[in-house]
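So the chains spell out like this:
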Amino acid sequence: MTDLRCLDELLRAEDGDAGCTAGEEILDAYVELELRGVDPARGYPGTAIHLESCPGCRADHDGLLEAARRFGDAAR
Ligand SMILES: [Zn+2]
């Protein structure tokens, strides 16, 4: 819940939509934040915005989250 140390490094100057490519690169980390109970929009605000507006990335995200929940630590 308080494991936010790394997020400062990740909080780059991204306002607005981060785009598909950026989302793909960090989707694993994004999902991991969700699994930890951290709001991923804090670390990846641009991707959070993007996922709202891009059905393709949303589907990728949902699939990854589903897989991560199913396999847990095995995915590391
Ligand atoms: Zn996209």
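The sections below set out a description of the structure shown in this document. Residue positions are given per chain, counting from 1 as you read along its sequence in written order. Residues qualify for local features only when their pLDDT is at least 70, as the model is predicted, and side-chain atom pairs are given and counted only at 80 or more; totals for whole chains, interfaces and linings, by contrast, use all residues. Hydrogens and water are ignored here; the side-chain numbers use all heavy atoms of the structure.

**Quick notes on the coordination of the zinc ion**
Part 1: For the zinc ion, every protein donor is listed as Cys 20 (SG), His 50 (NE2), Cys 54 (SG) and Cys 57 (SG), and the spread of their distances is 2.0 to 2.3 Å.
Part 2: What the four donor atoms of the zinc ion show is an angle range of 101 to 117 degrees at the metal, which sorts the shape as tetrahedral.
Part 3: All donors of the zinc ion belong to a single chain; written as a sequence motif, their spacing is C-x29-H-x3-C-x2-C. Here Cys 54 matches Cys 57 in class, with each residue buried. In this description, a donor is an N, O or S atom within 2.8 Å of the metal centre, a cutoff extended to 3.2 Å for sodium, potassium and calcium. Water is not part of the atom list, which can make sites seem incomplete. Note on geometry labels: four donors, all angles 85 to 135 degrees, give tetrahedral; four donors become square planar and six octahedral when opposite donors are over 155 degrees apart and every other angle is between 65 and 115; remaining cases are irregular. Throughout this description, buried means an accessible area under 20% of the type-specific maximum (1.4 Å probe, protein chains only), exposed means over 50%, and partly exposed covers the range between.

**Description of helix H5 (residues 55–71)**
Part 1: Along its 17 residues, H5 runs 24 Å from first to last C-alpha, staying within 8% of the 24 Å computed at 1.5 Å per residue.
Part 2: Those residues of H5 not exposed but buried are Cys 57, His 61, Leu 65 and Ala 68. Around the axis of H5, the buried residues are gathered within 75 degrees of arc, so they sit on the same side. Exposed and facing more than 90 degrees away from the buried side of H5 are Pro 55, Arg 70 and Phe 71.
Part 3: Along its buried surface, H5 packs onto helix H2 (20–36) and helix H4 (45–53).
Part 4: Only DSSP runs of H or I covering at least 4 residues are called helices, and only runs of E covering at least 2 are called strands; the numbering of each starts at the N terminus. Positive phi appears at Gly 72, one or two residues downstream of H5, with a value of about 55 degrees. An expected span of 1.5 Å times one less than the residue number is assigned to each helix. It is the directions from the helix axis to the C-beta atoms whose arc is reported. Only heavy atoms matter for contacts: two residues are in contact if any of them lie within 4.5 Å across the pair.

**What about empty space enclosed by the protein?**
Part 1: The rule is simple: put a 1 Å grid over the protein atoms alone, call a set of points where a 1.4 Å probe fits but cannot get out a cavity, call an open set with protein on both sides within 12 Å along at least five of seven lines a pocket, and count a residue as lining if it has an atom within 4 Å of a point. Grid points are joined across faces, edges and corners, and a volume is the space filled by probe spheres set on the points. One pass over the full model with this rule turns up one cavity of 30 Å³ or more.
Part 2: Quantified by volume, the largest cavity comes out at close to 30 Å³.
Part 3: Every residue lining the largest cavity is listed: Gly 23, Glu 24, Leu 27, Thr 47, His 50, Leu 51 and Cys 57.
Part 4: Broken down by secondary-structure element, the contributors of at least two residues to the lining of the largest cavity are H2 and H4.
Part 5: Grouping the constituent residues of the lining of the largest cavity by class yields three nonpolar, three polar and one charged. Charged means Asp, Glu, Lys or Arg here, nonpolar means Ala, Val, Leu, Ile, Met, Phe, Trp, Tyr, Cys or Pro, and polar covers whatever is left, Gly included.

**Points about the packing of H2 against H5**
Part 1: Angles here are taken between N-to-C directions and fall from 0 to 180 degrees, while the axes themselves are lines fitted to C-alpha atoms, restricted in helices to the stretch in contact. Where H2 meets H5, the axes come as close as 10 Å, and the angle between the chain directions of the two elements is 35 degrees. H5 is crossed by H2, and the crossing has right-handed handedness. Residue-level contacts link Cys 20, Leu 27, Asp 28, Tyr 30, Val 31, Glu 34 and Leu 35 of H2 to Cys 57, Asp 60, His 61, Leu 64, Leu 65, Ala 68 and Arg 69 of H5.
Part 2: For the contact of H2 with H5, the per-class residue count stands at nine nonpolar, one polar and four charged. Working rule for handedness: look at the near helix, and if it is turned counterclockwise from the far one by less than a right angle, call the crossing left-handed; if clockwise, right-handed.

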